[in-house]
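Read off the chains here:
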Amino acid sequence: MNNKINLDVNVVDILYRKYKQFLFPIGVIIVCLLLFILVIIPQIQNYFLLSDQTGLENQKLLNIRNNISFLANLDDNKLSGQAQTASSVLPQDKDFTGILFALSAASAKSSTLLGNYSFTVGTLGEKNIGSGFPFVTLTIQLNSNVLNTIKFIDDLYKTAPIAEVKKISTDNEDSQVTINFFYQPEALGAVDQTVPLLALSPKQVALINTLSTWSNASPENTLIPFTSLPQASPSANPFGF
Amino acid sequence: MSADINLASTENKQSIKIEHALLIIRIAAVVAAIFVLASASIVFILNLTNPMSSIKNQQNQVLQNLNSYKNKSGNYNLLNERLRDISMITLKRTDYTEQLNKIVSLIGSDTSADTLTIVDNKFTLGISSTSLLSISHFLDAVFDVSDKSKTFTNLNIDSLTTNVGTGNYSLYISGQIL
């Protein structure tokens, strides 16, 4: 059986004449199909994408409105005081004055006498491997026995700025204590104002309440400023206490 | 009989079939055109009526309102950030005071703590007393606390000496603070 198809010029011409009416509607269908695939489907996808974005932007708008309402209801004075307390406990830079105040406060409370002290300032980028926060190391001499040294550390742990005792060495009335005082520079970069502001958690409220009782953490708990101390005090305490 | 396919057949039946097929294709083309036109119009209108630009405008307006609370917002963010960091430090920093207070509270009235050294959680404590019994009581209490509260570990008596001149007994113990 011969299955060959004869497709010479004459046949093509006859076929064209016979089926030319089909060409236009088929062309229209093909163009419609191409338009649907190449234009309309991407546009539909774009619409859904835009809808999602609109939802997100709407949520952001709602968050900003809620944030305004939240901030409007905050007590400005209380918030400033709390921020000041938290900043005193964890200063933004090396707060040498705060450190000296803390030592004075702790020594006054524990009835110990501060002797020599030396700072190991370190570099700005220094990080404590354990806690991940930069610190200033300070080694101090105390004229105190074991009990008073422990009391001193106990009081220092309730005094701003926040500190960590690394070494203690006490021999009768002479003690040497190495302390790290932490600080943390403020995070750089603009704050995203569309992130919802949440009220302080009970844990945070408890923490800020505890911190506000620490010495030097709030104005009412701050000791007498150095400028008001007698200039040539005969006291053995270099800070005049 | 020739088995060649002849597409140019002039059979009537075939002509009717072709007319029918042409009609279907024409209808399909019209439907496709209408469908594409309609869907394009709908998508265009939907995209045109999307409220994104309106939302962005509103956002800008409320952000301007938020600027009047700039100080409050700054203070609040600072407070949150500081509290988070302080919590982390207080969780991670070594705090010997509780353990030291516990061990010191065991020292009797006729016993005195003379030396104390703490480096990297290892402590050495030296106490002295004129009464050997008091030192013994202190030791019993320390080991008892160590067993019960797991405050210390690796407790070790480093030395127990007597000063014949003063009649004082000195005890040095060391251990690890948990």
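For the structure given in this document, a descriptive report is provided here. (Residues numbered from 1 in each chain as written. Chains lettered and ligands numbered in written order. Predicted model: local features only at pLDDT ≥ 70, side-chain atom pairs only at ≥ 80, totals over all residues. Heavy atoms only, no water.)

Comments concerning the overall build of chain B
Then comes step 1: Helices and strands together make up the secondary structure of chain B, namely five helices and four strands.
Then comes step 2: Each helix (α) and strand (β) of chain B, taken in turn from the N terminus, gives the series α-α-α-α-β-β-α-β-β.
Then comes step 3: The globule rule puts the C-alpha radius of gyration for 178 residues at 16 Å, and the 47 Å found for chain B is more than 25% above it.
Then comes step 4: By principal-axis analysis of the C-alpha atoms, chain B measures approximately 140 × 70 × 25 Å.
Then comes step 5: By the burial criterion, 36% of the 178 residues in chain B qualify as buried.
Then comes step 6: For chain B, the proportion of contacts with a sequence separation of at least 24, taken over those separated by at least 6, is 52%.
Then comes step 7: When the accessible surface of chain B is totalled, it reaches about 10500 Å², and 57% of it is carbon and sulfur. (Helix = DSSP H or I, 4+ residues; strand = E, 2+ residues; numbered from the N terminus. Rg over C-alpha atoms; globule rule 2.2 N^0.38 Å. Buried < 20%, exposed > 50% of the residue type's maximum accessible area, 1.4 Å probe, protein only. Contact = heavy atoms within 4.5 Å. Areas by Shrake-Rupley, 256 points an atom, 1.4 Å probe, with all protein chains shown as cover.)

Concerning a nonpolar patch on the surface
Residues and elements named next belong to chain A.
Then comes step 1: There is a patch of nonpolar side chains on the surface, built from Ile26, Ile30, Val31, Leu33, Leu34, Leu35, Ile37, Leu38, Val39 and Ile41 and spanning about 860 Å² of accessible area.
Then comes step 2: Along the chain, Leu38 falls in helix H1 (residues 9-72).
Then comes step 3: Given the relative accessible area of 60%, Leu38 is considered exposed. (Patch = residues over 30% accessible without salt bridge, like charges linked within 9 Å, V, L, I, M, F, W, Y side chains within 5 Å. Salt bridge = Lys/Arg side-chain N within 4 Å of Asp/Glu carboxyl O.)

Some thoughts on the layout of surface pockets
Then comes step 1: The space that makes up the largest pocket amounts to roughly 490 Å³.
Then comes step 2: With seven residues, helix H3 (residues 70-92) of chain B is the largest single contributor of residues to the lining of the largest pocket.
Then comes step 3: Residues that form the lining of the largest pocket fall into these classes: eleven nonpolar, six polar and four charged.
Then comes step 4: Volume-wise, the second largest pocket comes out at about 150 Å³.
Then comes step 5: As for the second largest pocket, its lining consists of Asn145, Val146, Leu147, Asn172 and Glu173 of chain A together with Val104, Ile107, Gly108, Thr111, Ser112, Ala113 and Asp114 of chain B.
Then comes step 6: Residue assignment for the lining of the second largest pocket shows that the elements contributing at least two residues are helix H4 (146-156) of chain A together with strand S1 (111-119) of chain B.
Then comes step 7: With four residues, the top contributor of residues to the lining of the second largest pocket is S1 of chain B. (1 Å grid on protein atoms, 1.4 Å probe; cavity = no way out; pocket = protein on both sides within 12 Å on 5 of 7 lines; lining within 4 Å. Points joined across faces, edges and corners; volume = space filled by probe spheres on them. Nonpolar A, V, L, I, M, F, W, Y, C, P; charged D, E, K, R; others polar.)

Concerning helix H2 (residues 52-67) of chain B
Then comes step 1: Here H2 of chain B is 16 residues long and its end C-alpha atoms lie 22 Å apart, about the 22 Å a rise of 1.5 Å per residue gives.
Then comes step 2: The complete set of buried residues in H2 of chain B reads Met52, Ile55, Gln59, Val62 and Leu66 of chain B. Buried positions in H2 of chain B, seen along its axis, are confined to an arc of 90° and lie on one side of it. When the buried face of H2 of chain B is taken as reference, the exposed residues oriented beyond 90 degrees from it are Ser53, Gln61 and Gln64 of chain B.
Then comes step 3: Where H2 of chain B is buried, its residues touch H1 of chain A together with H3 of chain B. (Expected span 1.5 Å × (residues − 1). Arc of directions from axis to C-beta.)

Notes on the pairing of strand S4 (residues 174-182) of chain A
All names here are of chain A.
Then comes step 1: Buried residues dominate S4, accounting for seven of its nine residues.
Then comes step 2: With eight bridges joining them, strand S2 (residues 135-143) and S4 adopt antiparallel strand pairing. Its bridge partner being in S4, Ile140 is matched across the sheet by Val177.
Then comes step 3: With eight bridges connecting them, strand S3 (residues 163-171) and S4 associate as antiparallel partners. Residue Ala163 lies in a different strand from S4, and its bridge partner there is Phe181.
Then comes step 4: Hairpin connection of S3 to S4: two residues between the antiparallel strands, including Asn172 at a positive phi of 55°. (Pairing = 2+ DSSP bridges.)

Side note on the interface of chain B and chain A
Then comes step 1: Across the boundary between the two partners, chain B contributes 70 residues, which contact 86 residues of chain A.
Then comes step 2: Between chain B and chain A, roughly 7100 Å² of surface is buried when both sides are summed, and carbon and sulfur atoms account for 69% of that area.
Then comes step 3: The largest share of the area that chain B buries against chain A comes from Lys72, Tyr76 and Arg82 of chain B, three residues that together contribute 10% of it.
Then comes step 4: The interface formed by chain B and chain A includes one salt bridge.
Then comes step 5: We note a salt bridge from Lys56 of chain B to Glu57 of chain A, for which the minimum N-O separation is 3.2 Å. (Buried area = accessible area lost by both parts, 1.4 Å probe.)

A closer look at the packing of aromatic side chains
Then comes step 1: Under the counting rule described, the total for this entry stands at six aromatic pairs over all chains.
Then comes step 2: Considering the side-chain rings of Phe123 of chain B and Phe152 of chain B, the 5.6 Å spacing of their centres and the 55° angle between planes classify their relative orientation as tilted. Of this pair, Phe123 of chain B sits in strand S2 (residues 122-129) while Phe152 of chain B sits in strand S3 (residues 152-163); the two residues are 29 residues apart in sequence, bridging distant segments of the chain.
Then comes step 3: What makes Phe152 of chain B buried here is its relative accessible area of 4%.
Then comes step 4: Positioned above the aromatic ring of Tyr157 of chain A is the side chain of Arg93 of chain B, whose terminal nitrogen or guanidinium carbon lies 4.1 Å from the ring centre. (Phe/Tyr/Trp six-rings, centres within 6.5 Å; stacked < 30°, edge-to-face > 60°. Lys NZ or Arg CZ within 6 Å of the ring centre and 35° of its normal.)

Focus on unusual backbone geometry
Then comes step 1: That bond from Ala160 of chain A to Pro161 of chain A is cis: its omega, 0°, falls within 30 degrees of zero.
Then comes step 2: For Pro161 of chain A, the position within the fold is in the loop between H4 and S3.
Then comes step 3: Its identity is not glycine, yet Asn172 of chain A carries a phi of approximately 55°, on the positive side.
Then comes step 4: Although it is not a glycine, Asn121 of chain B sits at a positive phi angle of roughly 70°.
Then comes step 5: On the secondary structure map, Asn121 of chain B appears in the loop between S1 and S2.
Then comes step 6: Its relative accessible area of 25% is what places Asn121 of chain B among the partly exposed residues.

Just distances and angles here, no functional claims.
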